[in-house]
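Topology and contacts: notes
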Amino acid sequence: MAEIDSTTVVFGGTKKAGAFNRFDNPWLNWKFLTGAGILGLIAALVFLGYQFWDTSLALTASSPLNLPPFGLEYQKGKDTILVGVPEHPLGTENSGRDMLALIIVGTPRTIGVGVIAASVGMVVGILLGFLAGFIGGWMDDVIRLATDITITIPSLLVLIVIQSVLGSVDLVTMALLISLFSWATPTRYIRAQVLTMRESGYVQMARLSGVPVRDIMFKEIMPNLLPYLAASYIGNMTGAIISAVGLEVLGFGPQRIPSLGVAIFFSIEAAALLRNMWWWWGIPTVILAIVFIALLLINLGLDEIANPRLRKAS
Amino acid sequence: MGGISLNYLVRRLLVFFLTLWVAATLIFIIPRLAPGDPIAAMVARLTYQAGFVEDSNAIIEGWKERFGLNDPVYVQYVRYMGNLVRGDLGYAMARFPSTVSELVGRALPWTIGLVGFATLIFFTVGNLFGALLAWTKTPKLVKVMIPMSMIFTSIPPLLAGLLLLYVFGFKLRIFPQNYAYPLGAQPELTLEFILSVLYHGFLPAMAIVLVTFGYWALGMRGMMVTIEGEDYMILAQAKGLKPFYVLYRYMIRNAILPQMTALAVSIGTLVGGSVLVEVIFNYNGMGTLIFTAIREQDFNLIQGTSFILIVTSALAVLIIDLCYPLIDPRISLEGK
């Protein structure tokens, strides 16, 4: 007994000291912080954009057509040369939308779809994952089967069938449709984690002490799963944005106030590649790419936070 | 396959057939849940295009009768399922008299080829890179280079496709800008044609590979790091085995197993991604077929194409799952 006590004291001691040593804090992970920083920067820029730029320019016919970004020239046809103007620093597109206004309006809308779909998927995933992993039995069998089937079906195809009937829908509806599928991966992941946790000492201890099942699930296990849940949430968000952009590029997005995917759809429809209007599809593409890279960095950081062995290896 | 336990086999087959059933049922239910009447909408569209259609109500009734939409829903459902089982997907309405099966039959091989080719590359490269990242004997330079090559990971293939197409198709003009083979060429088994298919398929495949292999490298690295802490690794070193032998027999052999499971799980996402890449490159596969069907508002073709792609994905998952016991002998012992 004495031995165990002394190790506990020593362990507790180092841990306490570590809390004040900022290099020991796993959450101070450079990948995690860079990714979060990029997303924060995008949020700040969007906020500033809404303050200082006329976002109604994102509507059709609000600006001159086909202007290149400021300072550049665009050869249109044989003898027309269009010159970028400071009123439209990122240029304009085929139906007279200002690109800067378009990305200010479109970026938060695109990320918003991801947030809604991932949140709904996560809540369902946590509930089902805990039910399957902790309670088990026939419930586990049913949930596992449903998860396997949902993961096997390429969600994009069912969404295409749904949307081809509904036509173009607003982004919240689109997010909810996507969340019909976004619960499966978190469920599977959380179930696996809960299964490992269930056999660990502290859970056995809590169970022997007569802690109610609900408290074991949400007060004992859940806090330990936090980094995993966060990583799963971010992964889910990436997936949801990918689905949304995919549907939008197929022409199912809201057409009046565009998001980034809708802008890419319009540019493909109007053969912007062939017409050498790179800013039209290029700017939304690059912004989406930056968002995805930021989400990946956050996810990698969270992986290292959750798994000390990965931290050591890198 | 004698080594597969019955339990495992039955479960996999159950998931496979249930997936098909769920997909088919969803595709049956969705249009019937939607507000409005598809036939009336179609006639309205005709009216809009032609200006005036005589006896439009009679047309609506006639079509309803012909498609059996006046029967009770369960009769329609049984008939629909019967048709699916026989492989009868109906006509492509916008391209009468082509049947959906005909069009799908022409497009499907291209999609399978594209996805299969891309999968082969990203799975090999990704796992190799991941193993090298975690291996202690890897040169420092390689360990720095690999993460840099993974910058595109998690970007959708569609965006990578756009960028690649712009740079290599339109600016540098090194690769073709669309189609799976030159316009006017007849698909045939000559060296020339095969080379042109590879040439046309390179960019679309790269669009998938570039954004995907990093994910596999990360997964592999995670597995390898876990394995390095295992006791049998210490034993292997103590026995004085050659490092390459340890890497292959002790580390990769073990780490590849969860990667196979992950591959089965990711097939759905992969197929979705390649559908969109095909749209970007106007590739002659299922993705482009769906895209044209969406534009022509051909419900029948959209549903048929989606269903066949879902069946193909489920089949791919089943094949991977059934191959799994062959590389992991432990599975076959389970349940015996």
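Residues numbered from 1 in each chain as written. Chains lettered and ligands numbered in written order. Predicted model: local features only at pLDDT ≥ 70, side-chain atom pairs only at ≥ 80, totals over all residues.

1. Observations regarding the overall build of chain A
- Helices and strands together make up the secondary structure of chain A, namely 12 helices and two strands.
- In summary, chain A has a C-alpha radius of gyration of 25 Å against a globular reference of 20 Å for 314 residues, an excess of more than 25%.
- A principal-axis box enclosing the C-alpha atoms of chain A has dimensions of 90 × 50 × 30 Å.
- Going through the 314 residues of chain A one by one, you find that 46% of them count as buried. (Helix = DSSP H or I, 4+ residues; strand = E, 2+ residues; numbered from the N terminus. Rg over C-alpha atoms; globule rule 2.2 N^0.38 Å. Buried ≥ 20, exposed ≤ 12 C-beta atoms within 10 Å, placed from the backbone.)

2. Some thoughts on the overall build of chain B
- For chain B, the helix and strand inventory stands at 13 helices and zero strands.
- Ordered by position from N to C terminus, the α and β elements of chain B give α-α-α-α-α-α-α-α-α-α-α-α-α.
- For the C-alpha atoms alone, the extent of chain B along its principal axes is close to 90 × 60 × 40 Å.
- Taken across its 336 residues, chain B has 35% of its residues classed as buried.

3. Some details on the nonpolar core
- Core analysis: the biggest nonpolar cluster contains 171 residues, and Ile178 and Val249 of chain A together with Ile290 of chain B have the highest contact counts within it.
- The element best represented in this core is helix α3 (residues 99-135) of chain A, accounting for 19 residues.
- In this structure, isoleucine 178 of chain A is in contact with Ala117, Leu159, Ala240, Ser243 and Ala244 of chain A, ignoring residues within four places of it in sequence. (Core = buried A, V, L, I, M, F, W, Y, C linked by C-beta atoms within 7 Å. Contact = placed C-beta atoms within 7 Å.)

4. Some remarks on helix α11 (residues 286-295) of chain B
- For α11 of chain B, a buried count of eight out of 10 residues is recorded, marking the element as mostly surrounded by other parts of the structure.
- Those residues of α11 of chain B that are buried lie in contact with α5 (155-166) of chain A together with α5 (100-134), α10 (243-281) and α12 (299-327) of chain B.
- Residue glutamine 297 of chain B follows α11 of chain B closely and has a positive phi angle near 50°.

5. Focus on the pairing of strand β1 (residues 73-76) of chain A
Residues and elements named next belong to chain A.
- Of the pairings in the sheet, the one linking β1 to strand β2 (residues 80-83) comprises four bridges and is antiparallel in character. Bridged to lysine 76 within β2 is threonine 80.
- The loop that links β1 with its antiparallel partner β2 comprises three residues; one of these, glycine 77, has a positive phi angle of about 70°. (Pairing = 2+ DSSP bridges.)

6. Some remarks on the packing of α3 of chain A against helix α10 (residues 260-269) of chain A
Residues and elements named next belong to chain A.
- In contact at an axis separation of 7 Å, α3 and α10 are set at 120° when each is read in the N-to-C sense. Put simply, α3 runs oblique to α10. Contact with α3, carried on its side by Leu102, Gly106, Thr107 and Thr110, involves Leu260, Gly261 and Ala263 of α10 and no other residues of that element.
- When its residues are assigned to classes, the contact of α3 with α10 shows three nonpolar, four polar and no charged. (Axes fitted to C-alpha atoms, helices over the stretch in contact; angles between N-to-C directions. Parallel < 35°, antiparallel > 145°, perpendicular 65-115°, else oblique. Nonpolar A, V, L, I, M, F, W, Y, C, P; charged D, E, K, R; others polar.)

7. Notes on the interface of chain B and chain A
- On the chain A side, the residues contacting the 46 residues of chain B number 37 residues.
- Only α1 (6-33), α7 (157-171), α8 (191-228), α10, α11 and α12 of chain B provide two or more residues apiece to the side of chain B that touches chain A.
- A class-by-class count of the residues in the side of chain B that touches chain A yields 35 nonpolar, 11 polar and no charged.

8. Describing the packing of α5 of chain B against α10 of chain B
All names here are of chain B.
- At a minimum axis separation of 9 Å, α5 and α10 run at an interaxial angle of 145°. In the crossing of α5 with α10, the sense of the turn from one axis to the other is right-handed. Counted together, Thr111, Leu114, Val115, Thr119, Phe123, Asn127 and Ala131 of α5 and Leu247, Met251, Ile252, Ile256, Gln259, Leu263, Leu270, Val271, Ser274 and Glu278 of α10 form the full contact between these two elements.
- When grouped by side-chain class, the residues that make up the contact of α5 with α10 number 11 nonpolar, five polar and one charged. (Left-handed = near helix turned anticlockwise from the far one by under 90°.)

9. Let's talk about the confidence of the model for chain A
- Model confidence for chain A is summarised by a mean pLDDT of 85, while 91% of its residues fall at 70 or above.
- pLDDT under 50 marks residues 1-20 of chain A. Its contacts with residues more than four places away, or in other chains, come to one contact. (pLDDT = per-residue confidence, 0-100.)

10. Some words on the confidence of the model for chain B
Residue and element names in this part refer to chain B.
- This prediction gives chain B a mean pLDDT of 85; 91% of its residues lie at or above 70.
- By mean pLDDT, the top-scoring element of chain B is α5 (93), and the lowest-scoring one is helix α13 (residues 329-333) (60).
- Here the predicted complex scores 0.87 on pTM and 0.87 on ipTM.

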